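A look at the structure
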Amino acid sequence: MTTKPDIMSMTLPELTELIKDMGESAFRAKQIFKWMHSGTPIEEMSNLPKSLRSRLAEETDYRLPQIEEKFVSKIDGTVKYLFSLKDGECVESVLMRYEHGNTLCVSSQAGCRMGCKFCASTLSGKVRDLTPSEILGQVALAARDSGERIGGIVMMGIGEPLDNYDNVIRFLRLVGDADGLGIGMRHISLSTCGVVPGIKRLADEGIPVTLSVSLHAYDDEKRREIMPIAKKYPIAELLSACRYYFDKTGRRVSFEYTLISGKNDTMEDAAGLAKLLKRGMGVPCHVNLIMLNEVDETGLRTVDRKSAARFADELNNLGQNATVRRRLGSDIDASCGQLRLRRNRAVEENSHR
Ligand code: SAH
């Protein structure tokens, strides 16, 4: 049995070839491409003949996710989606509303195998990589559901994007396509726990997304305690890859630093971090401080708002640009990985009944 083509993962030229091979008119490809990128089910692709719609349904694999659950924050309008994929796997996306427009946080894998100690997404490991279509589908559906334009994307949902490299790159090219959503690479951030070879490869890709690197500690010993990836790539190597990224793309690198009470939140930590970035990067970079979203299973605690502000002040005083990330959707538990975890557990409990 041959597998059916995953049409939403195809570029327009690839789709055009497929449509021609099916004996259909080439111009249909562009129509289908536009429909898919706007999250439309096949039966609603109204300018296609019925016969073509049935052929698409039968002969291709259209991997548009479905909205399984949706939560809207009463405080700031943040929307959290739980999407289900064709095989029943679920992933999360969060639509955040800023003054300058809407940004969607997307997932790149079902689960994660990176094992960061504080993170909900990695608690039950990685099930599989998402296809380009399944990542793109999150954006297309959030735009369709909200009826609003999505101007920016952050790859900070479930999964490690550089552990699903080829699919993520293809997704980035697709989502930037002017015949589809046309989201510029300058409005996209990719967050990584620090996969050094992936960062170097990305630097040479010619797609200048903003690179965000999860640092969370200023020295290797401390970092290894909370992030297993640190055992593979020491901080010096990581920063040299970040510097390479900056040199190649001209894009300022951001560092994420999640504040965990009693782990990495002292003034010595702030001083160590400022010194490290000055020495290791030597060019302007930004630190995004994140207050830990507590995940029951980890036993780790967050810091209070005042301590986070003090940490940021200390960094700024030492000449290192830093801000505390605003917490959106606090009433809908918008931190990533927790919805998927809860749903998987519910499914599991049901199957044991
Ligand atoms: N795998 C990528 C992207 C996903 S996580 C990465 O590690 O960067 C996006 C960001 O949220 C990372 O900085 C991650 O360390 C952080 N994060 C994960 N769980 C968190 C939690 N419970 N509280 C606060 N930040 C968390």
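Nothing here was measured: the structure is a model prediction, and the numbers come from that model.

Throughout the structure, instances matching the rule amount to two aromatic pairs. Taking 5.3 Å as the distance between ring centres and 10 degrees as the angle between the ring planes, the aromatic pair formed by tyrosine 81 and phenylalanine 83 counts as stacked. Residue classification places tyrosine 81 among the buried positions, given a relative accessible area of 0%.

On to the pairing of strand S2 (residues 79-84). On any regular strand, side chains alternate: one points to one face of the sheet, the next to the other face. In terms of burial, S2 is a largely internal element, six of the six residues being buried. With burial as the criterion, each face of S2 is covered, one bearing Val79, Tyr81 and Phe83 and the other bearing Lys80, Leu82 and Ser84. Here strand S1 (residues 66-72) runs beside S2; their pairing, made up of six bridges, is antiparallel. Each bridged residue has a counterpart across the sheet, and for phenylalanine 71 the counterpart in S2 is lysine 80.

Among the structural elements, alanine 274 can be located in helix H10 (residues 267-280). Sequence separation between alanine 274 and leucine 318 is 44 residues, and the spatial gap between their C-alpha atoms is 6.5 Å. Setting aside chain neighbours within four positions, we find alanine 274 in contact with Leu315, Leu318 and Gln320.

Ranked by size, the top nonpolar core spans 101 residues in total, and within it Leu15, Val139, Leu172 and Phe255 carry the most contacts. Both domains that meet at this core, namely domain 1 (7-59) and domain 2 (66-351), each give it at least three residues. Each residue touching valine 139, except ones within four places of it in the same chain, is listed here: Leu104, Val106, Ile150, Ile153, Phe171, Val175, Leu181 and Ile183.

What follows concerns the site of the ligand. Neighbouring residues of the ligand: 17 residues in total, closest Gly159, Ser191, Ser214, His216 and Asn293. Here a nitrogen atom of the ligand sits 3.0 Å away from a polar atom, N or O, in the side chain of glutamate 160. One of the side-chain nitrogen or oxygen atoms of glutamate 256 is found 3.2 Å away from an oxygen atom of the ligand. Its free accessible area being 520 Å², the ligand has 90% of it covered by the protein chains. Only strand S8 (188-192) and strand S10 (254-259) provide two or more residues apiece to the shell around the ligand. Of the residues in the shell around the ligand, the class split is seven nonpolar, eight polar and two charged.

So, about helix H11 (residues 305-317). If you check H11, its first and last C-alpha atoms are 18 Å apart, about what 13 residues at 1.5 Å a residue would give, namely 18 Å. Of the positions making up H11, those classed as buried are Ser307, Ala308, Phe311, Ala312 and Leu315. Burial along H11 is one-sided: seen end-on, the buried residues are contained in an arc of 140 degrees. Among the exposed residues of H11, those pointing more than 90 degrees away from its buried face are Arg305, Lys306 and Asn317.

This part covers the domain arrangement of the protein chain. Per the domain assignment, the segments making up the protein chain are domain 1 (7-59) and domain 2 (66-351). On the side of domain 2, 14 residues touch domain 1, which itself brings 16 residues to the contact. It is Met8, Ser9 and His37 that lose the most area in domain 1 upon contact with domain 2, and together they represent 48% of the buried surface on that side. For the interface between domain 1 and domain 2, the tally reads three salt bridges. In this structure, glutamate 44 and arginine 144 form a salt bridge, with 3.1 Å as the shortest nitrogen-oxygen distance. Elements with a contribution of two residues or more to the side of domain 1 that touches domain 2: helix H1 (12-21) and helix H2 (27-37). Counting residues per element, the side of domain 1 that touches domain 2 draws most heavily on H2, at five residues. Looking at the side of domain 1 that touches domain 2 residue by residue, the classes come out as six nonpolar, six polar and four charged.

Quick notes on the rules
- Residues numbered from 1 in each chain as written.
- Predicted model: local features only at pLDDT ≥ 70, side-chain atom pairs only at ≥ 80, totals over all residues.
- Heavy atoms only, no water.
- Phe/Tyr/Trp six-rings, centres within 6.5 Å; stacked < 30°, edge-to-face > 60°.
- Buried < 20%, exposed > 50% of the residue type's maximum accessible area, 1.4 Å probe, protein only.
- Helix = DSSP H or I, 4+ residues; strand = E, 2+ residues; numbered from the N terminus.
- Pairing = 2+ DSSP bridges.
- Contact = heavy atoms within 4.5 Å.
- Core = buried A, V, L, I, M, F, W, Y, C linked by side-chain atoms within 4.5 Å.
- Domains from an automatic or database assignment.
- Near = heavy atom within 4 Å.
- Polar contact = N/O pair within 3.5 Å; in protein donor to acceptor, adjacent residues only side chain to side chain.
- Areas by Shrake-Rupley, 256 points an atom, 1.4 Å probe, with all protein chains shown as cover.
- Nonpolar A, V, L, I, M, F, W, Y, C, P; charged D, E, K, R; others polar.
- Expected span 1.5 Å × (residues − 1).
- Arc of directions from axis to C-beta.
- Buried area = accessible area lost by both parts, 1.4 Å probe.
- Salt bridge = Lys/Arg side-chain N within 4 Å of Asp/Glu carboxyl O.

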